[in-house]
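The lines below spell out each chain.
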Amino acid sequence: MTFSLDTLSTATLKAEAKALRAERTLTGTPIAHGAALEEVARRHGYRDWNTAAAAVPERVATPVQVGQRVSGTYLSQPFVGLVIGVQLLADMAHYEVTVKFDHPVNVSKSELMGPIWRQRVRATVDLRGVSSARTSDGEPHMRIRRV
């Protein structure tokens, strides 16, 4: 199985097939485009290209990508960090995003409890990068945007 930072779609599978063709041409064993599509589909666990094309969407919009620098708020606290994980959820409209903050963020609002530091968090966001989960004052748990 191959690894891609992009969310799986027919567009990413086609790009992978194109790269495979270029690689094979350089090594002196060229293959046809159709054969490359079939091989890429099998690498991802599909029986053939038609099965893969029917199972994955044409294109998937993502709010952020793995390795991307982001900023925003988490529990109303500003942050800057690095996206270390993105997973498309089954509804195809929300993502589970994992962010490692450059500097720990104090998420405690109570002076009685003292600081509660977080440096790595996971939250579910929509395509706009806003979580549907809210704090008691109505603010989204996370707002994330590309830097």
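Numbering of residues begins from 1 in every chain and follows the order in which that chain's sequence is written. The predicted nature of this model means local features are confined to residues of pLDDT at least 70 and side-chain atom pairs, given and counted, to a pLDDT of 80 or more, with totals for whole chains, interfaces and linings taken over all residues. As a rule here, side-chain values cover all heavy atoms of the structure and leave hydrogens and water aside.

Novice: Even after reading the chapter, I still don't get the environment of valine 97, so can you show me in this structure?
Specialist: By definition, any uninterrupted DSSP run of H or I lasting at least four residues is a helix, any uninterrupted run of E lasting at least two residues is a strand, and each is numbered from the N terminus. Within the element layout of this structure, valine 97 appears in strand 3 (residues 94-106). Throughout this description, buried means an accessible area under 20% of the type-specific maximum (1.4 Å probe, protein chains only), exposed means over 50%, and partly exposed covers the range between. Residue classification places valine 97 among the buried positions, given a relative accessible area of 0%. Sequence separation between valine 97 and valine 125 is 28 residues; the distance between their C-alpha atoms is 7.1 Å. Those residues within four positions of valine 97 in sequence are excluded, and the remaining contacts are Val64, Val83, Gly85, Val121, Arg122, Ala123, Val125 and Ile144. Contacts are residue-level and defined by heavy atoms, with any inter-residue pair within 4.5 Å sufficient.

Novice: When you look at the side chain of aspartate 126 in this model, what are you seeing that I'm missing?
Specialist: Topologically, aspartate 126 is positioned in strand 4 (residues 117-126). Look past the residues within four positions of aspartate 126 in its chain and what remains in contact with it is Pro63, Ala93 and His94.

Novice: When you look at the nonpolar core in this model, what are you seeing that I'm missing?
Specialist: What tends to happen in soluble globular proteins is that the nonpolar side chains get buried as a cluster. By size, the foremost hydrophobic cluster in this structure holds 17 residues, and its most contacted members are Tyr74, Phe79, Val97, Val99, Met142 and Ile144. Looking at this core, the elements that each hand over two or more residues are strand 1 (69-74), strand 2 (77-88), strand 3, strand 4 and strand 5 (142-146). Not counting the four nearest positions on each side in its chain, tyrosine 74 is found in contact with Phe79, Phe101, Val107, Val121, His141 and Met142. The definition of a nonpolar core used throughout is a set of buried Ala, Val, Leu, Ile, Met, Phe, Trp, Tyr and Cys residues joined through side-chain atoms within 4.5 Å. Core analysis: the next-biggest nonpolar cluster, separate from the first, contains eleven residues, Leu13, Ala17, Ala36 and Ala41 among them.

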